[in-house]
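Close look at the chain arrangement
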Amino acid sequence: MGLHCGFSIPLSTCGKGLCLAHIGPIVISNYATIGDNCRIHIDVNIGADARDGKAALHIGNNVYIGPGAKIFGNIVIADNCAIGANAVVNKSFETENCSIAGVPAKVINTKGVSNILNLKL
């Protein structure tokens with residue numbers, strides 16, 4: 001199914017409730033871990049550390065990842081964070097409920113997923 005839809009998502013990397021918003025290219029490292037109820041949009045790359053291919057990132061629960069985001073390295077993304085479209089995330093963001101955007105990514109506010117999806121968490 002991954003070949004047909006254009007994504008590469010290894011088994012056992014994602015928690016329950018994963019939402020892929022569109023059919024198209026999504027690549028996730030074999031060593032990444034993604035929490036429950038995450039939403040991933042088209043053209044996202046979640047990669048390992050360039051120096052140690054087995055040192056991949058951990059993404060928490062309820063994380064929104066916008067189209068075109070690139071996330072890589074031995075880093076941690078906290079629960080309830082939102083990563084903006086085309087962001088390049090190469091360092092940890094361990095504070096919950098933050099919105100991350102830019103190249104390189106930085107915190108732009110502390111409303112997180114509730115800001116993007118208009119949810120009350």
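Refer to the structure printed above.
Residues numbered from 1 in each chain as written. Predicted model: local features only at pLDDT ≥ 70, side-chain atom pairs only at ≥ 80, totals over all residues. Heavy atoms only, no water.

Another aspect to go through is the overall build of the protein. The helix and strand tally for the protein stands at two helices and 14 strands. Relative to its length of 121 residues, the protein is compact, with a C-alpha radius of gyration of 13 Å against a globular reference of 14 Å. With the C-alpha coordinates aligned to their principal axes, the bounding extent of the protein is approximately 35 × 30 × 25 Å. The proportion of buried residues among the 121 residues of the protein is 40%. In the protein, of all internal contacts separated by at least 6 residues, the share reaching a separation of at least 24 is 22%. In the structure as shown, the protein presents an accessible area of about 6,500 Å², 53% of it carried by carbon and sulfur atoms. Looking at charge distribution, the protein has the averaged site of its 9 positive side-chain charges lying 8 Å from that of its 7 negative ones. (Helix = DSSP H or I, 4+ residues; strand = E, 2+ residues; numbered from the N terminus. Rg over C-alpha atoms; globule rule 2.2 N^0.38 Å. Buried < 20%, exposed > 50% of the residue type's maximum accessible area, 1.4 Å probe, protein only. Contact = heavy atoms within 4.5 Å. Areas by Shrake-Rupley, 256 points an atom, 1.4 Å probe, with all protein chains shown as cover. Lys, Arg positive; Asp, Glu negative; His and termini not counted. Charge placed at Lys NZ, Arg CZ, Asp CG, Glu CD.)

Overall, parallel pairing links the three strands, which are arranged β4-β7-β10 in an open sheet. The open sheet is flanked by β4 (33-34) and β10 (76-77), the only strands paired with a single partner. Bridge count for strand β7 (residues 58-59) against β10 is two bridges, and the pairing is parallel. If you follow isoleucine 59 over to β10, its bridge partner there is isoleucine 77. (Pairing = 2+ DSSP bridges.)

This brings us to the pairing of strand β14 (residues 106-109). One ladder, built from three bridges, connects strand β13 (residues 99-101) with β14; its direction is antiparallel. Each residue of the ladder has a partner; that of serine 99, found in β14, is asparagine 109. Connecting β13 to the antiparallel partner β14 that follows it, the hairpin turn spans four residues, and glycine 102 within it adopts a positive phi of roughly 105°.

Taking strand neighbours across the sheet as the criterion, the six strands line up as β2-β5-β8-β11-β13-β14 in an open arrangement whose pairing is mixed. Unpaired on one side and paired on the other, β2 (19-20) and β14 mark the two borders of the sheet.

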